[in-house]
Amino acid sequence: MSSYIQDQYPRASSPLIASAAMGGFSGPALATAVSRAGGIGCLLKIDNIKTANPSTLPIGVGFLLFAVSLDEAIAVISRHLPAIIWLACPADERDFETWSNAVRKAAPASKIWIQVASVAVALRVASACSPDVLIMQGAHAGGHGPFPGSGIVSLVPETRDALDREGFSKIAIFAAGGIGDGRGVAAALACGADGVVMGTRFLASSEVDMPAEDFREAVLEMSDGGVSTARSNVFDELTGRNIWPSQYDGRAIAGASYKDFNSGTSLAEAQSRYANAVKEAHKGYGGEVRAAVELKPEGEIVKECRELARLYLDRVIKSL
Ligand SMILES: Cc1cc2nc3c(=O)[nH]c(=O)nc-3n(C[C@H](O)[C@H](O)[C@H](O)COP(=O)(O)O)c2cc1C
């Protein structure tokens, strides 16, 4: 871990693993367990925090900018002073700057992490917002993100070079998207990331908030993520109430609805089948999940990923 990261997050262990702020999934139990295991846990909703004090534990609180009013967010931030404020998905990219300025005023000691998905946006955000961390979200990430995008193996090195070239060497990069275990962590570090963010892997942890038990089963059953998941905005269209700005889509299980739609079923028909299926159960008709993994407590996942990353990096070095 770079000394910069060690200075900024002295309670975190190396390599630095953060759990993603995931709407509806990452609550205080997940964030606390990840931070206690030497990672950095992030949550999306800050209400009802009873298990942790976000200003004393290195816990992050995420905001989906397009969906939240800045005034409400600042009221919450001022009350709780979270160690890390995670900003993602603005309706307009310039909102990152407005939010960063307001957050800095309300919570000067909090670190600002901003999630983006391209080199160009990373450079503009670096210049306008001076974030502490840029989370570079690769195209394989679960959940929502801007499209198009590229994988972290090309995105992270290119962004690092561009930031260094333009005088932003102090901004740390965390890699997000497709990292499922310590080997992925090792790969991201080798690409120049200062830390990693994992989302999907934590969906198969015992303390994650799940909207329904069959969501968890679906995550555990999945394999071969490249074909069993897909990026599309049809997942958001299924309910008939898509609130997402048009520059975002989402990666989810390529379930029955996706397959129907992709093979020519009209959106209206797919929506109607979805509505019927939801009445019965969630299975096969939704869920932003991916990857074949084993159910484990979050803390164990963090420790195991850390150890495996060290092991693999060591093995690679010895093999050279
Ligand atoms: C179920 C789920 C929900 C997510 N919700 C959010 C969110 O509310 N805000 C956000 O910034 N990112 C969200 N993400 C994206 C993550 O921040 C992160 O980019 C992604 O999980 C990394 O890829 P991975 O899932 O392959 O680890 C979500 C991801 C998943 C899997």
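For clarity, every value in this text was computed on a predicted model and none was experimentally measured. (Residues numbered from 1 in each chain as written. Predicted model: local features only at pLDDT ≥ 70, side-chain atom pairs only at ≥ 80, totals over all residues. Heavy atoms only, no water.)

(A) Inspection of the pattern of salt bridges at higher detail. On inspection of all chains with the given rule, the structure shows nine salt bridges. Arg183 serves as the salt-bridge partner of Asp181, at 2.6 Å between the closest nitrogen and oxygen. Using a relative accessible area of 46% as the deciding quantity, one classes Arg183 as partly exposed. Where Arg273 meets Asp260, a salt bridge forms, and the shortest distance between an N and an O atom there is 3.0 Å. With Arg273 in helix α13 (residues 267-280) and Asp260 in helix α12 (residues 256-262), the pair connects residues that are 13 residues apart, well separated along the chain. The class of Arg273 is partly exposed, set by a relative accessible area of 33%. Classification of Asp260 as buried rests on a relative accessible area of 15%. (Salt bridge = Lys/Arg side-chain N within 4 Å of Asp/Glu carboxyl O. Buried < 20%, exposed > 50% of the residue type's maximum accessible area, 1.4 Å probe, protein only. Helix = DSSP H or I, 4+ residues; strand = E, 2+ residues; numbered from the N terminus.)

(B) Representation of the sheet that holds strand β11 (residues 248-253) within the structure. Across the sheet, which stays open at both edges, the three strands sit in the order β7-β11-β10 with antiparallel pairing between neighbours. Edge positions in the sheet fall to β7 (143-146) and β10 (229-232), since each of these pairs with one other strand and no more. Within the sheet, the average angular offset between the axes of one strand and its neighbour, ignoring direction, is 25°. Of the pairings in the sheet, the one linking β10 to β11 comprises four bridges and is antiparallel in character. Following the sheet pairing, Thr229 is matched in β11 by Ile253. (Pairing = 2+ DSSP bridges. Axes fitted to C-alpha atoms, helices over the stretch in contact; angles between N-to-C directions.)

(C) Quick peek at the packing of aromatic side chains. For the structure on display, the rule yields seven aromatic pairs. Between Phe66 and Trp244, the aromatic rings sit 4.5 Å apart at their centres with planes inclined by 50°, giving tilted as the arrangement. A residue pair is termed long-range when its members are at least 10 positions apart, and Phe66 in the loop between β3 (59-64) and α3 (70-80) and Trp244 in the loop between α11 (234-237) and β11 qualify at 178 residues. Judged by relative accessible area, Phe66 falls into the buried class, the value being 18%. Residue Trp244 is classed as buried on the basis of its relative accessible area, which comes to 15%. Relative to Trp113, the ring of Trp86 lies with its centre 6.4 Å away and its plane at 40°, an arrangement referred to as tilted. Here Trp113 lies in strand β5 (residues 111-116) and Trp86 lies in strand β4 (residues 84-88), a separation of 27 residues in the sequence. As far as the burial class goes, Trp86 and Trp113 line up, both buried. (Phe/Tyr/Trp six-rings, centres within 6.5 Å; stacked < 30°, edge-to-face > 60°.)

(D) The domain arrangement of the protein chain, seen in detail. For the protein chain, the assigned domains read domain 1 (3-209 + 295-319) and domain 2 (223-280). In this structure, domain 1 and domain 2 have C-alpha centres spaced 27 Å apart. At the interface, 15 residues of domain 1 touch eleven residues of domain 2. Among the residues domain 1 hides against domain 2, the three largest losses belong to Phe66, His144 and Phe147. Together they make up 47% of the total. Applying the counting rule to domain 1 against domain 2 returns zero salt bridges. Here domain 1 is connected to domain 2 by 13 residue pairs in polar contact (both at pLDDT 80 or more). Counting residues per element, the side of domain 1 that touches domain 2 draws most heavily on β7, at four residues. Classifying every residue of the side of domain 1 that touches domain 2 gives nine nonpolar, six polar and no charged. (Domains from an automatic or database assignment. Contact = heavy atoms within 4.5 Å. Buried area = accessible area lost by both parts, 1.4 Å probe. Polar contact = N/O pair within 3.5 Å; in protein donor to acceptor, adjacent residues only side chain to side chain. Nonpolar A, V, L, I, M, F, W, Y, C, P; charged D, E, K, R; others polar.)

(E) Here's a closer look at the packing of helix α5 (residues 119-129) against helix α6 (residues 152-165). Remark: α5 packs on α6, axes separated minimally by 9 Å, with the N-to-C direction vectors making an angle of 35°. Handedness of the crossing formed by α5 with α6: right-handed. Of the residues in α6, those in contact with Val119, Ala122, Leu123 and Ala126 of α5 are Leu155, Glu158, Thr159, Ala162 and Leu163. Broken down by class, the residue content of the contact of α5 with α6 amounts to seven nonpolar, one polar and one charged. (Left-handed = near helix turned anticlockwise from the far one by under 90°.)

(F) Spatial organisation of the pairing of strand β2 (residues 40-43). Neither face of β2 is exposed, since Ile40 and Cys42 on one face and Gly41 and Leu43 on the opposite face are all buried. Sheet analysis places strand β1 (residues 16-19) next to β2, joined by two bridges and oriented parallel. Across the sheet, residue Ser19 finds its bridge partner in β2, namely Gly41. Between β1 and its parallel partner β2, the chain crosses via helix α2 (residues 28-36), and the hand of that crossover is right-handed. Here three bridges tie β2 to β3, and the two strands are oriented parallel to one another. If you follow Leu43 over to β3, its bridge partner there is Val61. (Right-handed = clockwise from strand over helix to strand, strands pointing away.)

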